[in-house]
Amino acid sequence: MPKICLVGAGSTVFAQNILGDVLSSRSGGDYFISLFDIDPERLKTSEIVARRICESLQLENVRVEATLNRREALQGSDFVILMMQVGGYKPATVTDFEIPKKYGLRQTIADTLGIGGIFRGLRTIPVLEAICRDIQEVCPQAILMQYVNPMAINCWAISQLAPEIQTVGLCHSVQHTAGHLASLLGENIADVNYVSAGINHVAFFLKYEKVHSDGRGEDLYPRLKALSAEGRVPPDDRVRFDVLKRLGHFVTESSEHFSEYTSWYIKEGRTDLINQLNIPLDEYIRRCEDQISEWHALRKELEGDRPIEVCRSNEYAAGIIHAAVTGDSALIYGNVPNNGLIENLPDECIVEVPCHVDRNGIQPIRIGRIPLQLSAVMNLSVSVQQLTVEAALTKNRERIYQAALLDPHTSAELSPDQIWSLVDDLIEQHGDLLPEYH
């Protein structure tokens, strides 16, 4: 009976999606599900949801346990799925937004790159180190599926801390955007063939084509560019279509995310640009507040008597587990060490590329060289990621300053002295979440 461990299972809605996918798959019905979280109330809700999914699917052989002991949850696991948020919404996420805002540095999501991504990585990596130590000791053969942002920074740290653990970072930006673009063009995603490559949230479609019934491929990029030329761009997609205009390729992550990854779009005093491109500043704060306000009603519904509806998502975890258990092959997009997969990016960085999965595990597919302008944009972030990882692993405060100094958005808005002061204030406000830097 394969064992699946969810670390951060108190993220109930995401845990519901993953478990619904896994248990409704063709290989579902004979798993040991172990749920771990540090919040006993949320963990209890997730346990109830897991059992109700089994009831809904009439799975009598699935074993479900919930524990506040991480090593106990990990013991003997075949698959480990990370989905936690270190520091939570308060105080950590609020700090990531409010302190930079005092300096005039505005953000939208602040969880992957930028000053928010740097500090989320700094407080998450020590927890990842402890988890990796546990995995090495109690389930060394497990496949580790890493969903926690900042994706590339976290996966890079794991590759340094525990290179022997088979790890893949998973995001839904590639498959979501592929489907989104098909919808915009009135096409069935089943008829679309695509290849994406890059770094997480800064990956681009190198190919996006329709496969006709006679096997002929039709490049869909001219039709995407026509949407922009004809003024038919969705209001929430203006940044990405502007990137398409400038770089010739469509980026996989959403406009609200990508707008804070460069120096181009969010500028103090440029409300005209913010309005023109419909950039939702403080978007993640609003999302979190909405989720918090809705949680009690949602929790009551999830724990209630009405049969729980199991809807499959397009997350990759279930496909990986099915492929590894049955040997049926799957194709996913995963975040893995580069090692030559993309020739014009550093070997040690983390890249997001197509990966083949079967009983042999995760097998990344080599891409080769990507267009120069795309690698140039990616390299702006790769250096920041590398410095952040080194700061976290060596506890070198200077590397935090330097990471912030090189971040495209931060450095475009603030002077070096302001950046040093901002980093000092963020470290101070983080308190016990970053004890090594005090």
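Quick caveat, the model's predicted, so the values are computed rather than measured. Position numbers for residues count from 1 along each chain, tracking the sequence in the order it is written. In keeping with the predicted nature of the model, local features appear solely for residues at pLDDT of at least 70, side-chain atom pairs appear and are counted solely at 80 or more, and the whole-chain, interface and lining totals rest on all residues. As a rule here, side-chain values cover all heavy atoms of the structure and leave hydrogens and water aside.

**A word on the environment of Leu-6**
Right, so step 1: Labels follow the DSSP assignment, with helices taken as runs of H or I lasting at least four residues and strands as runs of E lasting at least two, numbered in each case from the N terminus. On the secondary structure map, Leu-6 appears in strand 1 (residues 3–7).
Right, so step 2: Apart from the residues lying within four places of it in its own chain, the contact partners of Leu-6 are Ala-15, Leu-19, Ser-34, Leu-35, Phe-36, Ile-81 and Met-83. Between two residues, a contact is recorded if the distance between any of their heavy atoms is within 4.5 Å.

**Observations concerning the layout of surface pockets**
Right, so step 1: Every definition here rests on a 1 Å grid over the protein atoms only: cavities are sets of points where a 1.4 Å probe fits but cannot get out, pockets are open sets enclosed by protein on both sides within 12 Å along at least five of seven lines, and lining residues have some atom within 4 Å of a point. Grid points are joined across faces, edges and corners, and a volume is the space filled by probe spheres set on the points. Looking at the second largest pocket, its volume works out to about 270 Å³.
Right, so step 2: In terms of lining residues, the second largest pocket is bounded by 15 residues, among which Gln-175, Tyr-194, Tyr-316, Leu-331 and Ile-332 are the most central.
Right, so step 3: Of all the elements in the fold, those that place two or more residues in the lining of the second largest pocket are strand 7 (192–199), helix 13 (317–326) and strand 10 (330–337).
Right, so step 4: Basically, the charged four are Asp, Glu, Lys and Arg, the nonpolar ten are Ala, Val, Leu, Ile, Met, Phe, Trp, Tyr, Cys and Pro, and anything else, Gly included, counts as polar. Considering only residue class, the lining of the second largest pocket consists of 8 nonpolar, 5 polar and 2 charged.

**What to know about the packing of helix 5 (residues 114–138) against helix 6 (residues 151–161)**
Right, so step 1: Every axis in this analysis is a line fitted to C-alpha atoms, fitted for helices over the stretch in contact. Angles between the N-to-C directions lie between 0 and 180 degrees. The contact between helix 5 and helix 6 brings their axes to 9 Å, and the two run at 35°. Our pair here, helix 5 against helix 6, has a crossing hand that is right-handed. Between helix 5, through Gly-117, Gly-121, Thr-124, Ile-125, Leu-128, Glu-129, Cys-132 and Gln-136, and helix 6, the contact on the second element is made entirely by Ile-153, Asn-154, Ala-157, Ile-158 and Leu-161.
Right, so step 2: By residue class, the composition of the contact of helix 5 with helix 6 is 7 nonpolar, 5 polar and 1 charged. A crossing counts as left-handed when the near helix is turned anticlockwise from the far one by less than a right angle, and as right-handed when that turn is clockwise.

**Notes on empty space enclosed by the protein**
Right, so step 1: On inspection of all chains with the given rule, the structure shows 1 cavity of 30 Å³ or more.
Right, so step 2: Its boundaries defined by the atoms lining it, the largest cavity holds a volume of some 30 Å³.
Right, so step 3: Every residue lining the largest cavity is listed: Leu-105, Gln-107, Leu-113, Gly-114, Ile-115, Glu-260, Asp-407, His-409 and Thr-410.
Right, so step 4: Elements that contribute at least two residues to the lining of the largest cavity include exactly helix 5 and helix 16 (408–413).
Right, so step 5: Taken together, the residues of the lining of the largest cavity sort by class into 3 nonpolar, 4 polar and 2 charged.

**As for the UniProt feature "binding site: Mn(2+)" (unreviewed entry) in the protein chain**
Right, so step 1: As annotated in UniProt, the feature "binding site: Mn(2+)" (unreviewed entry) corresponds to Cys-171 and His-201 in the numbering used here. Look at the named residues: they lie 31 residues apart in sequence, but the longest C-alpha span between them is just 8.7 Å, so in the fold they bunch up.
Right, so step 2: In this structure, Cys-171 sits in the loop between strand 6 (166–169) and helix 7 (173–184).
Right, so step 3: Excluding residues that lie within four positions of it along the chain, Cys-171 makes contacts with Met-151, Asn-200, His-201, Glu-253, Tyr-316 and Glu-352.
Right, so step 4: Structurally, His-201 can be placed in the loop between strand 7 and strand 8 (202–211).
Right, so step 5: If near-sequence neighbours (up to four positions away) are discounted, His-201 is found in contact with Thr-112, Asn-149, Cys-171, Ser-173, Val-251, Glu-253, His-257, Phe-258, Tyr-261 and Glu-352. UniProt positions are given in the numbering used here, feature names are shortened, and annotations may be inferred rather than shown by experiment.

**Re the environment of Glu-289**
Right, so step 1: With respect to the element layout, Glu-289 can be found in helix 12 (residues 283–302).
Right, so step 2: Spatially, the C-alpha atoms of Glu-289 and Ala-317 are 28 Å apart, while their sequence positions differ by 28 residues.
Right, so step 3: Apart from the residues within four sequence positions on either side, Glu-289 is in contact with Tyr-89 and Lys-90.
Right, so step 4: Side chain to side chain, Glu-289 and Tyr-89 meet in a polar contact 2.6 Å long. Residues adjacent in sequence count toward polar contacts only when both atoms are side-chain atoms; beyond that, a polar contact is any pair of N or O atoms within 3.5 Å, and within protein one must be able to donate a hydrogen and the other to accept it.

**A few points about the pattern of salt bridges**
Right, so step 1: Counted as salt bridges are all cases of a side-chain nitrogen of Lys or Arg within 4 Å of a carboxyl oxygen of Asp or Glu. Evaluation of the coordinates by the stated rule reveals 25 salt bridges.
Right, so step 2: Taking the shortest distance from any N to any O, the salt bridge between Arg-71 and Glu-137 comes out at 2.6 Å. One end of the pair, Arg-71, is in helix 3 (residues 70–74); the other, Glu-137, is in helix 5, and 66 residues separate them in sequence.
Right, so step 3: For Arg-287, the salt bridge goes to Glu-283, with nearest N and O atoms at 3.0 Å. Within this pair, Arg-287 and its partner Glu-283 are both found in helix 12, separated by 4 residues, close to a single helical turn.

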